[in-house]
Amino acid sequence: MTGRVTVNDALFVDLGEGREIKHGARAGQITYTRQPRARFECVRCGYASPTVTGPADVRDFVANEPTDHRAVCPAIHNTTNRQGAKAA
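None of these values were measured; they are calculated from a predicted model. (Residues numbered from 1 in each chain as written. Predicted model: local features only at pLDDT ≥ 70, side-chain atom pairs only at ≥ 80, totals over all residues. Heavy atoms only, no water.)

Caption draft 1: Structural view of the pattern of salt bridges. Counted under the stated rule, the structure contains 8 salt bridges. For the salt bridge of aspartate 14 with arginine 34, the shortest nitrogen-to-oxygen distance reads 2.9 Å. Here aspartate 14 is found in strand E1 (residues 9-14), whereas its partner arginine 34 is found in strand E3 (residues 30-34), with 20 residues between them in sequence. Ionic pairing is found between arginine 34 and glutamate 17, a salt bridge with its closest N-O pair at 3.4 Å. You can see arginine 34 sitting in strand E3 and its partner glutamate 17 sitting in strand E2 (residues 17-20), a full 17 residues away along the chain. Classification of glutamate 17 as partly exposed rests on a relative accessible area of 46%. Beyond isolated ion pairs, a larger network of salt bridges with shared partners links Asp14, Glu17, Arg34 and Arg37. (Salt bridge = Lys/Arg side-chain N within 4 Å of Asp/Glu carboxyl O. Helix = DSSP H or I, 4+ residues; strand = E, 2+ residues; numbered from the N terminus. Buried < 20%, exposed > 50% of the residue type's maximum accessible area, 1.4 Å probe, protein only.)

And the structure:
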């Protein structure tokens, strides 16, 4: 990789620890000893989301939080902070 790399935000995901039930009426389901969890941090503006836990909540969070935050991030939408933009 060449050039400069800048980290703008980070999505942290812990998939938890669980076991799949192999037999019976609940076959295919997972029982967790440690629930999945996730959080998001924006380096640009300093935003840090609360940690979400549980498989369904983590799935929805990962699918939406980064995009949702970027849509409202004050550091992205402040034109004086954009690279190459001129201050008014």
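Next comes the rest of the description.
Caption draft 2: Region of the structure containing the sheet that holds E1. Strand order in the open sheet formed by 3 strands is E1-E4-E5, with antiparallel pairing between adjacent strands. Single-partner strands in this sheet number two, and they are E1 and strand E5 (52-53). Where strand E4 (residues 37-42) and E5 come together, 2 bridges link them in antiparallel fashion. By the bridge assignment for E5, alanine 38 is matched with valine 52. Each of E1, E4 and E5 is contacted by helix H1 (residues 55-72), which is oriented at about 10 degrees to E4, the strand it contacts most. (Pairing = 2+ DSSP bridges. Contact = heavy atoms within 4.5 Å. Axes fitted to C-alpha atoms, helices over the stretch in contact; angles between N-to-C directions.)

Caption draft 3: Highlighting the state of the cysteines. Per the counting criterion, the structure on display carries 0 disulfides. Just so you know, cysteine 45 is unpaired, no disulfide at all, and the nearest cysteine sulfur is the one on cysteine 42, 3.7 Å from it. We note that cysteine 73 lacks a disulfide partner, and the nearest cysteine sulfur, in cysteine 42, lies 3.8 Å from it. (Disulfide = S-S within 2.5 Å.)

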